[in-house]
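Residues per chain are reported as follows:
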Amino acid sequence: MTKSVFILLDIDGVLVRPGGYRHAFINTVNYFLAFFGQSHLSVDEKIAEKFEFAGIQAEWDMVPLTIAAFFDWYAVFSQRTEPFGTVANAAQLIPVGTAEDFIAFLNPKILEYGEIPLNDEIYPLAVLNHCRQEKIKSILSKIWADPILSEILDNTQNVHASVLFRRLENEILGSKIFYETFGFWPEADLSSSLEQFDVPLISDFYREKIGDMNGGAIHACMMTARPNLLPTGVDPDTVVSHRILPEAEIARKAIGWSEENMPIVGVGSLCYVEEKKHLPKDAYLKPHPFHALTAILFALCKDQLRALETAETIIEMWERQDFSLNPLRELIDIHQPLRLAVFEDSIIGIKSCRSAGEILSALGYSVTAEFYGIATTAEKNGLMTALGVSLYPDVNSGLDVFFSSEATA
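Not measured: the values here are computed from a predicted model. (Residues numbered from 1 in each chain as written. Predicted model: local features only at pLDDT ≥ 70, side-chain atom pairs only at ≥ 80, totals over all residues. Heavy atoms only, no water.)

(A) Fine view of the overall build of the chain. When helices and strands are tallied, the chain shows 17 helices and eight strands. Relative to its length of 409 residues, the chain is compact, with a C-alpha radius of gyration of 23 Å against a globular reference of 22 Å. Taking the principal axes of the C-alpha coordinates as reference, the chain spans close to 75 × 45 × 45 Å. The proportion of buried residues among the 409 residues of the chain is 54%. Within the chain, contacts between residues at least 6 apart in sequence are counted, and of these 70% link residues at least 24 apart. Within the structure as shown, the chain displays about 17400 Å² of accessible surface, and the carbon and sulfur contribution to it stands at 51%. Taking the average location of the 32 positive side-chain charges in the chain and that of its 55 negative ones, the two points are 2 Å from each other. (Helix = DSSP H or I, 4+ residues; strand = E, 2+ residues; numbered from the N terminus. Rg over C-alpha atoms; globule rule 2.2 N^0.38 Å. Buried < 20%, exposed > 50% of the residue type's maximum accessible area, 1.4 Å probe, protein only. Contact = heavy atoms within 4.5 Å. Areas by Shrake-Rupley, 256 points an atom, 1.4 Å probe, with all protein chains shown as cover. Lys, Arg positive; Asp, Glu negative; His and termini not counted. Charge placed at Lys NZ, Arg CZ, Asp CG, Glu CD.)

Okay, structure coming up:
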């Protein structure tokens with residue numbers, strides 16, 4: 001019997017070489033350092049890598065944590081005792097120290113950030129709560145009581161409340177898309193760093209092949225940790241998350257796909273269900289199987305809201321270990337073998353797909369799962385190899401093997 005074939009594709013490191021987020025982080029931090037009168041200070045790619053090494057992956061966490069460290073450093077080097085108060089009031093401080101002094105202070109501080117327990121919090125809020133609890137003994141011992149700390153580390157993903165996040169999103173999206181997304185113009189007229197610095201990695205041949213075949217011989221979906229827009233039919237006013245941003249859609253456009261020939265399941269999609277179920281942010285993000293299940297279903301039915309709600313039902317059954325009913329019976333024939341392939345540069349998406357395949361098997365389907373690891377960093381490569389995942393130098397090499405290994409129609 002002909003198999004139903006599913007392809008799940010990560011964006012960053014697989015379909016796209018990400019450069020825009022790093023540029024936005026660097027530009028945002030350096031803008032504020034200059035705003036604070038410290039134009040002799042700057043951060044670069046190495047600081048972002050230090051954050052990643054500490055387990056802090058998101059630029060929207062890196063920015064406030066870097067700025068908080070700056071104020072703690074400034075208080076040390078300037079021997080300042082009065083509070084900074086607000087970000088606006090800290091404009092054009094007297095220059096102190098050297099670039100080397102600042103980086104020497106910042107690097108170990110980043111590692112200390114990474115050691116603070118999260119307790120279902122994002123990193124900036126975890127650091128803020130740590131400072132409130134530990135006070136003078138906290139990681140930011142010079143500014144723990146300064147009102148500026150709450151401005152920097154609280155509401156860090158609220159474009160209305162956080163001037164840091166507002167500038168970061170202006171850098172990421174560009175002013176035009178920022179206005180289209182939030183309904184007001186940002187302070188500066190900027191171009192999108194994602195549009196400028198993200199580089200598509202998939203070849204024109206496979207871009208066209210997958211786009212043309214999708215919905216027919218194959219069912220493909222982008223499964224990403226990037227923010228994306230809410231499903232059609234969901235009132236944005238009913239969702240309070242500030243992660244509903246067209247960042248995945250910008251990548252899709254750069255690759256050359258459209259909404260019609262390539263669906264996306266990202267953070268914006270997931271936050272709708274997470275909020276409805278009163279779950280923590282990213283509770284359903286890969287490596288949770290919900291992410292892969294939704295991508296599989298969205299690729300199949302082309303209705304994201306239906307895919308999310310069906311995946312929700314399946315996960316509830318999985319948590320109860322009750323597979324007596326099959327919510328997929330109207331979507332997939334139980335006798336139809338399923339071929340599931342995932343293209344990822346890290347183990348989180350692979351784990352999500354592996355678990356999703358196990359759940360589909362528990363529902364009675366015959367599932368063949370294939371994992372194509374795209375080589376990036378030594379650390380990520382090592383973790384994938386330890387799971388028995390074959391590595392490929394790029395997504396096109398993986399797709400060569402995928403399309404040649406078995407007929408897909």
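Next, the rest of the story.
(B) Spotlight on the packing of aromatic side chains. Enumeration over the complete set of coordinates arrives at 29 aromatic pairs. Judged by centre distance (4.5 Å) and plane angle (10 degrees), the rings of F343 and Y372 are stacked. Of this pair, F343 sits in strand β6 (residues 338-344) while Y372 sits in strand β7 (residues 367-374); the two residues are 29 residues apart in sequence, bridging distant segments of the chain. Y372 shares its class with F343; the two are buried. A connected cluster of aromatic rings, assembled from ring pairs, spans Y31, F32, F35, F36, F70, F71, W73, Y74, F77, F84 and F102. The ring of Y31 is capped by R167, whose NZ or CZ atom sits 3.8 Å from the centre of that ring. When the ring centre of F403 is taken as origin, the NZ or CZ atom of K209, which lies over that ring, is 4.8 Å away. (Phe/Tyr/Trp six-rings, centres within 6.5 Å; stacked < 30°, edge-to-face > 60°. Lys NZ or Arg CZ within 6 Å of the ring centre and 35° of its normal.)

(C) Expanded view of the environment of E121. Tracing the backbone shows E121 in the loop between α4 (99-114) and α5 (123-134). The exposure class of E121 is partly exposed, given its relative accessible area of 22%. Separated by 283 residues in the primary sequence, E121 and S404 place their C-alpha atoms 44 Å from one another. Contacts of E121, omitting those with residues within four sequence positions, involve A126 and N129.

(D) Here's a closer look at the nonpolar core. Counting 62 residues, the largest nonpolar core has F25, F70, F71, Y113 and L140 as the members making the most contacts within it. Secondary-structure elements contributing two or more residues to this core are α1 (20-35), α2 (45-53), α3 (59-78), α4, α5, α6 (147-153), α7 (163-173) and α8 (175-182). Of all the elements, α3 adds the most residues to this core, at twelve residues. Setting aside chain neighbours within four positions, we find F70 in contact with L33, F36, Q38, L41, L93 and F102. F290, I296, L340 and I359 belong to the second largest nonpolar core, which has 49 residues in total. (Core = buried A, V, L, I, M, F, W, Y, C linked by side-chain atoms within 4.5 Å.)

(E) The arrangement of the side chain of T224 in detail. With respect to the helices, strands and loops of the structure, T224 is situated in the loop between β4 (219-223) and α11 (247-255). Within the local environment of T224, its side chain forms a polar contact with the backbone nitrogen of R226, the two atoms lying 2.9 Å apart. When sequence neighbours within four positions are dropped, the list of residues in contact with T224 reads D10, I11, A248, I264, V265, G266, V267, L285, K286 and H291. (Polar contact = N/O pair within 3.5 Å; in protein donor to acceptor, adjacent residues only side chain to side chain.)

(F) Layout of the sheet that holds strand β5 (residues 264-265). Strands sit in the order β5-β4-β1-β6-β7-β8 across an open sheet of six strands; the sheet is parallel. With one partner strand each, in any of the chains shown, β5 and β8 (390-392) form the two edges of the open sheet. Where helix α13 (residues 289-301) meets the sheet, its contacts fall on β1 (4-9), β4, β5 and β6, and the angle it forms with β4 comes to roughly 140 degrees. (Pairing = 2+ DSSP bridges. Axes fitted to C-alpha atoms, helices over the stretch in contact; angles between N-to-C directions.)

(G) View of the packing of α2 against α4. As a packed pair, α2 and α4 sit with axes 8 Å apart at the nearest point and diverge in direction by 25 degrees. As judged from the angle between their axes, α2 and α4 are roughly parallel. Crossing handedness for the pair α2 and α4: right-handed. When α2 is examined against α4, the residues I47, K50, F51 and F53 are found in contact with a partner set consisting of I103, L106, N107, I110, L111 and Y113. Split by residue class, the contact of α2 with α4 holds eight nonpolar, one polar and one charged. (Parallel < 35°, antiparallel > 145°, perpendicular 65-115°, else oblique. Left-handed = near helix turned anticlockwise from the far one by under 90°. Nonpolar A, V, L, I, M, F, W, Y, C, P; charged D, E, K, R; others polar.)

(H) Examining the packing of α13 against helix α14 (residues 304-320) more closely. Across the interface, α13 lies against α14 with an axial gap of 8 Å and an inter-helix angle of 140 degrees. Between α13 and α14, the angle falls in the class oblique. As for how α13 packs across α14, the hand of that crossing is right-handed. Across from P289, F290, L293, T294, L297, F298 and C301 in α13, the residues of α14 making contact are Q304, R306, A307, L308, T310, A311, E312, I314, I315 and W318.

(I) Here's a closer look at helix α12 (residues 267-276). Across the ten residues of α12, eight count as buried, placing the element largely inside the fold. Looking at the packing, one finds that the buried side of α12 touches β5, α13 and α14. A positive phi of about 60 degrees marks H278, the residue just after α12.

(J) Layout of the side chain of S4. Looking at the element boundaries, S4 is found in strand β1. Every residue in contact with S4, bar those within four places of it in the chain, is listed here: Q336, P337, L338 and R339.

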